[in-house]
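Each chain is listed here by its residues.
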Amino acid sequence: MDHPSVELNLPLDGKTHSIEIPQETTLFFWNALVPGTADRLSPVESDQGYNQLCVARELVDLISWKITFPDDHKPLLDEVYRRNGYRGCAWWIACDPIELPATIEVTFESIGECPTIEGKPVVLWTTDGEPIEWGTTIKSTIELVPSSTPASQFPTRQELLWNRHTVYVPNWTSTGEESNLESSSREPL
């Protein structure tokens, strides 16, 4: 993966997002989910933390992510995700630059029987603290738009998955209908 790349968080809100990015830049898509229950997340160091880790490992087989490009679709890589004392699963992929403008369809689905933590059904929590009920299918769209600003003038930071690589911060605009997911007052993970 060329650095810096453009960090693009996979949306889980059912909206269309228009994103202005530098031209001819590697794309880095990712998102992470942490299993919990409807009323709480369990820190890794807690008594329930081990159960959370076991469910996080199961998520790889129970979550389906599909990213469809104009002429192709890409499988995502997965790995255990740990941030701020919580553990979940992250899905990601780095892609070569594509011709812009481009529309990318993102489909998320939780499949199969809902796992449990201490007998309670699992609720998936986003890194922004938003709950996603089990059995949900979410389809979002990313419209990548070429920027007239040169890459060298885009803001940069450390990417938020591993905190090891410098990435460009694109300009996001959300449009479309609101999703049916409820907001949470939880702190971001």
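In the block above lies the structure referred to throughout.
Each value, and the rule that gives it
- Residues numbered from 1 in each chain as written.
- Predicted model: local features only at pLDDT ≥ 70, side-chain atom pairs only at ≥ 80, totals over all residues.
- Heavy atoms only, no water.
- Helix = DSSP H or I, 4+ residues; strand = E, 2+ residues; numbered from the N terminus.
- Buried < 20%, exposed > 50% of the residue type's maximum accessible area, 1.4 Å probe, protein only.
- Contact = heavy atoms within 4.5 Å.
- Areas by Shrake-Rupley, 256 points an atom, 1.4 Å probe, with all protein chains shown as cover.
- Core = buried A, V, L, I, M, F, W, Y, C linked by side-chain atoms within 4.5 Å.
- 1 Å grid on protein atoms, 1.4 Å probe; cavity = no way out; pocket = protein on both sides within 12 Å on 5 of 7 lines; lining within 4 Å.
- Points joined across faces, edges and corners; volume = space filled by probe spheres on them.
- Nonpolar A, V, L, I, M, F, W, Y, C, P; charged D, E, K, R; others polar.
- Pairing = 2+ DSSP bridges.

A. Representation of the overall build of the protein chain in the model. Along the backbone of the protein chain there are one helix and 16 strands. Taken over 189 residues, the protein chain has a buried fraction of 46%. Taking all contacts inside the protein chain whose residues are at least 6 apart in sequence as the whole, residues at least 24 apart take part in 73%. Carbon together with sulfur atoms contributes 44% to the accessible area of the protein chain, which is approximately 9700 Å² in total.

B. Spotlight on the nonpolar core. One finds Phe 29, Trp 65, Phe 108, Leu 124 and Leu 144 to be the most contacted residues of the largest nonpolar core, which totals 36 residues. Secondary structure elements with two or more residues in this core: strand E1 (5–9), strand E2 (16–21), strand E3 (27–36), helix H1 (49–62), strand E4 (63–69), strand E7 (86–95), strand E8 (102–110) and strand E13 (137–146). Excluding residues within four positions of it along the chain, Leu 124 makes contact with Leu 33, Val 34, Pro 35, Leu 59, Ile 63, Phe 108, Ser 110, Glu 130, Pro 131, Ile 132 and Trp 134.

C. Fine view of empty space enclosed by the protein. Inspection of every chain in the model, using the stated rule, returns two cavities of 30 Å³ or more. The computed volume of the second largest cavity comes to approximately 30 Å³. Residues that form the lining of the second largest cavity fall into these classes: six nonpolar, two polar and one charged.

D. A look at the pairing of E7. Among the 10 residues that make up E7, nine are buried, leaving the element largely enclosed by the rest of the structure. Where E3 lies against E7, seven bridges are found, and the strand directions are antiparallel. Considered in E7, the bridge of Ala 32 is made with Ala 90. Bridging between strand E6 (residues 77–83) and E7 involves seven bridges; their strand directions are antiparallel. In the sheet register, Glu 79 faces E7, and the bridge partner there is Ala 90. With antiparallel pairing between neighbouring strands as the criterion, E6 and E7 make up a hairpin whose turn holds two residues, including Asn 84 at a positive phi of roughly 50°.

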